[in-house]
Amino acid sequence: MSVKMKRIVIFASGSGTNAENLIKFFHNRDNVSVIQVLTNNPHAKVLDRCKKLKVSMLSFNRIAFTKTDDVLNVLKASKPDLIVLAGFLWKFPENILNEFPNKVINVHPALLPKYGGKGMYGIHVHEAVVKNNETETGITIHYVNEHYDEGAIIFQAKCEVLANDEAEDVAKKIHELEMEHFPNVVEKLLFSEKTTTYND
């Protein structure tokens, strides 16, 4: 009996290190494939990574994403089992969320519900963590809903914030957590019999 291939579509806005990590993690697998990467930034470095890795890529503008069904129709044609946001900065529109319920996930570079919401991305998150003298931070993988960083939490992993850490130091620790955990969580979600939440 042939194995049904699980299909992943990734959305990214920037350099694409998480996207590349996912693509490489599932490379040459007979049961999972990253079939496409979509970006809202036509100059994003993730496009160069996709070219080298021979993964289909597409850039789109805000009108195609929020005012029409153009991006939704691309996704319908791709039939993804999971839509993965990996450094994607725009709020997800309801037409896509309604079409793919509980199939859109995101990785956030903090322990939600702390340091979530509009404007809380990348180095801005780590600067806030350091400024507030937090002793720990981490990553949160969560389902995406119509509000920034408010969907149900799937997984969290923590790391220590030292007294002399700067935002860049925290960013490195967070990046290591993302590289280690994100592909494994994606894999578990794809093959779990039911939707579950779990912690490290």
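Whatever comes next refers back to the structure up there.
Within each chain, residues carry numbers counting from 1 in the order of the written sequence. Note on the predicted model: pLDDT of at least 70 is required for a residue's local features to be given, and 80 or more for side-chain atom pairs to be given and counted; whole-chain, interface and lining totals, by contrast, use all residues. Heavy atoms throughout the structure, all of them, feed into the side-chain values; hydrogens and water do not.

## Some details on helix H2 (residues 45-53)
What counts is decided by this rule: A simple rule labels every residue: compare its accessible area, found with a 1.4 Å probe on the protein chains alone, to the largest value its type can have, and call it buried under 20%, exposed over 50%, or partly exposed in between. Strands here are runs of E lasting at least two residues and helices are runs of H or I lasting at least four, both read from the DSSP assignment and numbered beginning at the N terminus. Directions are taken from the helix axis to each C-beta atom, and the arc is the one they span. Residue contacts follow a heavy-atom distance rule, with two residues in contact if any of their heavy atoms lie within 4.5 Å.
Taken as a whole, H2 has its buried residues at Val 46, Leu 47 and Cys 50. In an axial view of H2, the angular spread of the buried residues amounts to 105°, which keeps them on one side of the axis. Structural note: H2 exposes Lys 45, Lys 51 and Lys 52 on the side pointing more than 90 degrees away from its buried face. Against the buried residues of H2 lie strand E1 (6-12), helix H1 (17-25), strand E2 (32-39) and strand E3 (57-59).

## Describing the environment of Glu 136
Mapped onto the secondary structure, Glu 136 falls in strand E6 (residues 136-143). The exposure class of Glu 136 is partly exposed, given its relative accessible area of 37%. On a C-alpha basis, the gap between Glu 136 and Val 161 in space is 4.9 Å, while along the polypeptide they are 25 residues apart. Those residues in contact with Glu 136 that sit more than four places away from it in its chain are Leu 111, Lys 158, Cys 159, Glu 160 and Val 161.

## Focus on the sheet that holds E2
Filter applied, for reference: Two strands form a pair only when DSSP identifies at least two bridges running between them. Lines fitted to C-alpha atoms define the axes, with helix axes restricted to the stretch in contact, and inter-axis angles between N-to-C directions lie between 0 and 180 degrees.
The strand order across the open sheet built from 7 strands is E3-E2-E1-E4-E5-E6-E7, with neighbouring strands paired in mixed fashion. Of all strands in the sheet, those with a lone pairing partner are E3 and strand E7 (153-160), marking the two edges. Here the average twist between neighbouring strands, direction ignored, is 20°. Of the pairings in the sheet, the one linking E6 to E7 comprises 7 bridges and is antiparallel in character. Within the sheet, the bridge partner assigned to Thr 140 lies in E7 and is Gln 156. Sheet contacts for H2: E1, E2 and E3; angle to E2, the most-contacted strand, approximately 145°. Against the sheet, helix H4 (residues 70-78) makes contact with E1, E2, E3 and strand E4 (82-85), and its axis sits at roughly 170° relative to E2, the strand it touches most.

## Points about the pairing of strand E5 (residues 104-108)
Every other side chain in a regular strand lies on the same face of the sheet, so the side chains alternate between the two faces. Put simply, the rule is: Look down the strands so they point away from you; if the path from the first strand over the helix to the second goes clockwise, the crossover is right-handed.
The element E5 is largely enclosed, with a buried count of 5 among its 5 residues. With burial as the criterion, each face of E5 is covered, one bearing Val 104, Asn 106 and His 108 and the other bearing Ile 105 and Val 107. In the sheet, E4 pairs with E5 via 3 bridges, with the strands oriented parallel. When the bridges of E5 are listed, Leu 85 appears paired with Asn 106. One crossover worth recording links E4 to the parallel E5 by way of helix H5 (residues 94-99), and it is right-handed. As defined by bridge partners, E5 adjoins E6 across 4 bridges and the pair is classed as antiparallel. Of the residues in E6, the one forming a bridge with Asn 106 is His 142.

It is worth stressing that arrangement in space is one thing and function is another; only the former is reported here.
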